[in-house]
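Residues per chain, in single letters:
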Amino acid sequence: MIRLHLHGCKEGLQALQAMADEACEGVCLDEIQHNRLILVVDELFANIHEHGYNNAGGDIECEAQWLPCAEDMHCRLEIMLRDFAPPIQDVSKCKGVNPETLKDNPVAGGLGMLLIEAATETFEHTPLADGNQWRLVFLFKQKEVQA
Amino acid sequence: MSLKIKVNSEHQNRVVEVVGDVTIMTSPDLRAELKPLFTSEIAQIEVKLEGVGFMDSSGIATLVEGLQWSKSSGNRFVLSGLSPTVRDVFELAKLDTIFDIVDNNA
């Protein structure tokens, strides 16, 4: 398990990406899988920084751990982020734009959450008394996580 | 990583070569270069992405804006040279069928 305590500035993103990289050290992810992992971390961090902290900075705690491979021969990487921004009670704010509506009316907003939802097996938000908890689970076939 | 953007003119067409990562920090630069190109005098605007290794939602959003501008001003808006990772981001967002994307060797 890896724990970081970041100040919510853009430079902190590099540290968060490094944490994701470290979690996957020795693991055979292909280029696209690795890019998705970095992309999702980037998007969630940017959302917390922009919407949670209004670009003014704030603390973020994060940890990453591999869950035991299940009988379905898949392994899961769990990344938890915890911020201390005002708790989000309106769950619709944690949803990405509907890709079906994009076909007829492409819009620039809500794409970050859409990418997070599309690239993860599980994306959960839990409002806390003094912040928010975000849980990301990435799914990989067992053979993909063997060095 | 900084973004390098070069705009080449070919008659009524404009080719925008982009090199670097297109992220929340660099996409405003791309937006600033793209927006003035969408005029009725320009037939086609091609954004060449061979040199882009990473693109996040802000980069995609900038290109979605380009798509909207092209519809307003009547330009053809083309993306080319997408790496597998950048193409995957478009596919995740299901935007790969909305954009006019041509292969590197097209």
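Residues numbered from 1 in each chain as written. Chains lettered and ligands numbered in written order. Predicted model: local features only at pLDDT ≥ 70, side-chain atom pairs only at ≥ 80, totals over all residues. Heavy atoms only, no water.

### Concerning the pairing of strand β5 (residues 131-141) of chain A
Residue and element names in this part refer to chain A.
For step 1, the next point in the chain: Bridge count between strand β3 (residues 74-83) and β5: ten bridges; the pairing is antiparallel. Each bridged residue has a counterpart across the sheet, and for Arg76 the counterpart in β5 is Leu139.
For step 2, the next point in the chain: With seven bridges connecting them, strand β4 (residues 122-128) and β5 associate as antiparallel partners. Bridge assignment links Pro127 to a residue of β5, and that residue is Asn132.
For step 3, the next point in the chain: Between the antiparallel neighbours β4 and β5 lie two residues. (Pairing = 2+ DSSP bridges. Helix = DSSP H or I, 4+ residues; strand = E, 2+ residues; numbered from the N terminus.)

### With respect to the environment of B:Asp96
For step 1, the next point in the chain: Among the secondary structure elements, B:Asp96 is positioned in the loop between α3 (84-92) and β5 (100-102).
For step 2, the next point in the chain: Those residues in contact with B:Asp96 that sit more than four places away from it in its chain are B:Phe90, B:Glu91 and B:Ile101. (Contact = heavy atoms within 4.5 Å.)

### Topic: the pattern of salt bridges
For step 1, the next point in the chain: For the coordinates displayed, the defined rule picks out seven salt bridges over all chains.
For step 2, the next point in the chain: Across the pair A:Arg135 and A:Glu124 runs a salt bridge, and its minimum N-O distance is 3.3 Å. Note that A:Arg135 is positioned in strand β5 and A:Glu124 in strand β4, a separation of eleven residues in sequence.
For step 3, the next point in the chain: Between B:Asp100 and B:Arg76 there is a salt bridge, with the nearest N and O atoms lying 2.8 Å from each other. On the criterion of sequence distance, the pair formed by B:Asp100 in strand β5 and B:Arg76 in strand β4 (residues 76-80) is long-range, its members being 24 residues apart.
For step 4, the next point in the chain: On the accessibility criterion, B:Asp100 (27% relative accessible area) is partly exposed.
For step 5, the next point in the chain: Through salt bridges that share partners, A:Glu78, A:Glu124 and A:Arg135 make up one connected network. (Salt bridge = Lys/Arg side-chain N within 4 Å of Asp/Glu carboxyl O. Buried < 20%, exposed > 50% of the residue type's maximum accessible area, 1.4 Å probe, protein only.)

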